[in-house]
Amino acid sequence: MLGFCRGRRKFLAASLTLLFVPAVTWIYLFTGRYDDGKSVSLSPLDTQPHSPRYAASGQRENLEVRVREVEEENRVLRKQLSLVQGRGSAHRHGNRSKTYSMEEGTGDSETLRAGIVAGNSSECGQQPVVEKCETIHVAIVCAGYNASRDVVTLVKSVLFHRRNPLHFHLIADSIAKQILATLFETWMVPAVRVDFYDADELKSEVSWIPNKHYSGIYGLMKLVLTKTLPASLERVIVLDTDITFATDIAELWAVFHKFKGQQVLGLVENQSDWYLGNLWKNHRPWPALGRGYNTGVILLLLDKLRKMKWEQMWRLTAERELMSMLSTSLADQDIFNAVIKQNPFLVHQLPCFWNVQLSDHTRSEQCYRDVSDLKVIHWNSPKKLRVKNKHVEFFRNLYLTFLEYDGNLLRRELFGCPSETDINNENLQKQLSELDEDDLCYEFRRERFTVHRTHLYFLHYEYEPAADDTDVTLVAQLSMDRLQMLEAICKHWEGPISLALYLSDAEAQQFLRYAQGSEVLLNRRNVGYHIVYKEGQFYPVNLLRNVAMKHVSTPYMFLSDIDFLPMYGLYESLRKSVVQLDMSNTKKALIIPAFETLRYRLSFPKSKAELLSMLDMGTLFTFRYHVWTKGHAPTNFAKWRTATTPYRVEWEADFEPYVVVRRNCPEYDRRFVGFGWNKVAHIMELDAQEYEFTVLPNAYMIHMPHAPSFDITKFRSNKQYRICLKTLKEEFQQDMSRRYGFTALKYLTAENNS
């Protein structure tokens, strides 16, 4: 088949070469004669030897007029050639392809498959009439946390195959907009533009239609795209979120050129018997033409639809049918099909490989014989990947390929296609260009400017802060090797949690399966999981903390680490302390004293008295007392043992306590990555901004043992790592001096004395 297509291309190339023969040659051919005395015509449109134009063989016409005629004929010929590329194959298989009819739903499977192969053979010759840098427009309705996660796999599959600029039009609710706007902004894929349209504003347009489908009100919003999308947009591909592309979307975009007459909708026939009404006794579906059409993939000619008054057309149809049907069962699909039933001329039927439907009881196997036949697969079932299909394992693996594919690899330039200047990207490139690549600490400095793809609220999140303005969110960050700590933290802290997880695409899916299989995590809707995707060689610890802090919705934050367990009841205790210490009107950082155990199994102390007993017995220790005493020494554990009221402590060099602060506190400094000084620098900045450090007498947290992190191992074994960290510390202190002036001198003095 490949050889056949190549042969045709060679033939077309030769034909096009003939079209551009110099004008002198044209004149010679049209004014001269061969020995048999017959005129020569280059136009295939004049194939009759006695056509009227050349009947008077001895008569010469005006040369200039003839040349203009030939030029016009060749323009027509070029247009014809662009359409004729696959006709030879189609005619060759004409009898077989006629056997296949999706409308009739007849014929054995081998004949049906042969018809598809014949159709695909002609398709390979009819390559898309899509310009190299033509923008392809895609519209998707996306609402909620799960749909926002699902749509990423669709986008990955489109980006993987694409060779054209893309413009995504996302009809999204406030949740999906927040998630996807951040995702695309941090993804920074060249030649991709994204616009959002408020789905909540469109609810009134379709809320009058009762819908039993699991997609709810958002499943009806494709009906109002002509009104929602810009009036200047003439055509768009509309996709469901559970679609996966196995080919370049430009091939589908090119199908618009095949629309004829009043065709304004490109759809694939429904591959189940739903609209035939024979699935069960008394099954009464909405009216449809034959098997009906599936609306998971739609080509919309928006300009023509508007002229046809599409809004009035579908509304009148829906109102009429709802009088007897009472509600839709398949959302917008029912209404589209009811309109088509009355106006079949509106549809250009797409080959079924453009929407291979994988719900139970479908005829999708008739759409393909081998991998090359597949264009789009559609998991159109509430069961999604658990559907029954002969080749479901293959389809599942195809889907998983994109699900776990490294999205960073899709940041490919489209060479030769100018794109709109992205200010953020331009600034980033400028900052990177100013770095010295010969600097031994170049990789450390570069990390500060790396933009990490970020997917906010990877799982469902549902929490309203308390009305009394005392609410506190626990903030932490983690990687895959600390995942086992999540359940324990959720048991110790009942309040809201904001977590940033540093994962690869494949690890994000492992985390999803872990969370969905955990009864503890499933029952907690007040935990925000924000995925920051891996890139570069360092663990961006402070970037992760900043991401988690940025998406705290409560007035106060408890800045912790994932390997610490807070004491039972700490959440409620902190809310009381917020009031008692008047944190709303003062600049305080409340210190939670930190302890540690070397035992993997610990009977967690339920009170301060029990903790002090374990401390005396050697079961617990003050945190890092044996390796990094300075980090927590200013907490003054000796005073804490007997304290009954909060007490103030002063900042000292290398102090890095865990604190509760207001939500608007300074961010962590991104120059510190991996191990070393990441918290120290933040506490120093809090002190520079005149935060008052107050130790809580009845609060505590305990560090649980774990294997050393990769970054601390690098710090201990790599001399250059330690040298660069020292350099970054000095630069940070210099920056502090510039920002805070005389106040910051004490940090330099303290560092020199330590």
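Everything that follows concerns the structure shown earlier in this document.
Residues numbered from 1 in each chain as written. Predicted model: local features only at pLDDT ≥ 70, side-chain atom pairs only at ≥ 80, totals over all residues. Heavy atoms only, no water.

Caption draft 1: Representation of a nonpolar patch on the surface in the model. On the surface, F742, L745 and L748 cluster together into a nonpolar patch covering about 320 Å² of accessible area. Residue placement: L745 occurs in helix α28 (residues 745-753). A relative accessible area of 40% means that L745 is categorised as partly exposed. (Patch = residues over 30% accessible without salt bridge, like charges linked within 9 Å, V, L, I, M, F, W, Y side chains within 5 Å. Areas by Shrake-Rupley, 256 points an atom, 1.4 Å probe, with all protein chains shown as cover. Salt bridge = Lys/Arg side-chain N within 4 Å of Asp/Glu carboxyl O. Helix = DSSP H or I, 4+ residues; strand = E, 2+ residues; numbered from the N terminus. Buried < 20%, exposed > 50% of the residue type's maximum accessible area, 1.4 Å probe, protein only.)

Caption draft 2: Helix α21 (residues 541-550), seen in detail. The buried fraction of α21 amounts to nine of the ten residues, a majority that puts the element mostly inside the structure. Where α21 is buried, its residues meet β11 (454-455), β12 (472-479), β13 (497-503), β14 (527-533), β15 (556-559) and α25 (678-688). (Contact = heavy atoms within 4.5 Å.)

Caption draft 3: Looking closely at the pairing of strand β22 (residues 692-695). When strand β17 (residues 588-592) meets β22, the two strands line up parallel, connected through four bridges. Counted as the bridge partner of I591 is V695 from β22. Bridge analysis of strand β20 (residues 647-649) against β22 gives three bridges, and the strand direction is antiparallel. Bridge pairing links R648 to T694 in β22. (Pairing = 2+ DSSP bridges.)

Caption draft 4: Looking closely at the packing of aromatic side chains. Enumeration over the complete set of coordinates arrives at 30 aromatic pairs. Relative to F259, the ring of F256 has its centre 5.5 Å away and its plane inclined at 50 degrees; by these criteria the two rings are tilted. Site record: aromatic cluster; members linked through ring pairs are Y145, Y457 and Y461. In this structure, R453 packs its charged tip against the face of W187, placed 5.6 Å from the ring centre. (Phe/Tyr/Trp six-rings, centres within 6.5 Å; stacked < 30°, edge-to-face > 60°. Lys NZ or Arg CZ within 6 Å of the ring centre and 35° of its normal.)

Caption draft 5: The nonpolar core, seen in detail. If you look at the biggest cluster of nonpolar residues, it comprises 113 residues, and the most contacted ones within it are L499, F511 and F558. Setting aside chain neighbours within four positions, we find L499 in contact with A476, L478, L486, V527, G528, Y529, H530, A548 and I562. Listed in part, the 101 residues of the second largest apolar core include V238, L252, F259 and M325. (Core = buried A, V, L, I, M, F, W, Y, C linked by side-chain atoms within 4.5 Å.)

Caption draft 6: Just the sheet that holds strand β4 (residues 235-239), in detail. Taken together, the seven strands give an open sheet; going across it, the order is β3-β2-β1-β4-β7-β6-β8, and neighbouring strands pair in mixed fashion. Lying at the two open borders of the sheet, with one neighbouring strand each, are β3 (192-198) and β8 (347-350). Across the sheet, the mean angle from the axis of one strand to that of its neighbour is 25 degrees, orientation sign disregarded. In terms of strand pairing, strand β1 (residues 136-142) meets strand β2 (residues 166-172) through seven bridges, oriented parallel. In the sheet register, C142 faces β2, and the bridge partner there is A172. With respect to the sheet, helix α9 (residues 199-206) is in contact with β2 and β3, its orientation differing from that of β3 by roughly 50 degrees. Where helix α14 (residues 332-342) meets the sheet, its contacts fall on β6 (265-269), β7 (293-301) and β8, and the angle it forms with β7 comes to roughly 65 degrees. (Axes fitted to C-alpha atoms, helices over the stretch in contact; angles between N-to-C directions.)

Caption draft 7: Structural view of empty space enclosed by the protein. The full count for this structure, using the stated rule, is three cavities of 30 Å³ or more. Each pocket or cavity is described by its volume, and for the largest cavity that value is around 110 Å³. Along the wall of the largest cavity there are 13 residues; nearest its centre are R545, L559, S560, Y668 and K679. Of all elements in the fold, only β12, β21 (658-662) and α25 reach the threshold of two or more residues within the lining of the largest cavity. Residues belonging to the lining of the largest cavity are distributed by class as follows: eight nonpolar, two polar and three charged. (1 Å grid on protein atoms, 1.4 Å probe; cavity = no way out; pocket = protein on both sides within 12 Å on 5 of 7 lines; lining within 4 Å. Points joined across faces, edges and corners; volume = space filled by probe spheres on them. Nonpolar A, V, L, I, M, F, W, Y, C, P; charged D, E, K, R; others polar.)

Caption draft 8: View of the environment of L350. Within the secondary structure, L350 sits in strand β8. Exposure remark for L350: the relative accessible area of 2% places this residue in the buried category. For the pair L350 and E269, spaced 81 residues apart in sequence, the C-alpha to C-alpha distance is 7.6 Å. If near-sequence neighbours (up to four positions away) are discounted, L350 is found in contact with L252, V255, G266, L267, V268 and L299.

Caption draft 9: Examining the sheet that holds β20 more closely. Within the open sheet, the nine strands sit side by side as β11-β14-β13-β12-β15-β21-β17-β22-β20. Their pairing is mixed. In this open sheet, the two strands that pair with only one neighbour each are β11 and β20. Both β17 and β21 contribute to a ladder of three bridges, which runs antiparallel. Within the sheet, the bridge partner assigned to L590 lies in β21 and is V660. Sheet strands touched by α21: β11, β12, β13, β14 and β15. Its angle to β12, the strand with the most contacts, is close to 145 degrees. Sitting on the sheet, α25 is in contact with β15, β21 and β22, with an inclination near 45 degrees to β21.

Caption draft 10: Broad picture of the pattern of salt bridges. Scanning all chains against the criterion turns up 36 salt bridges. Between R396 and E393 there is a salt bridge whose closest N-O contact spans 2.6 Å. Of the two residues, R396 and E393 both sit in helix α15 (residues 392-403), three residues apart, roughly one turn of that helix. Close ionic contact of R453 with D505 constitutes a salt bridge, the shortest N to O distance being 2.8 Å.

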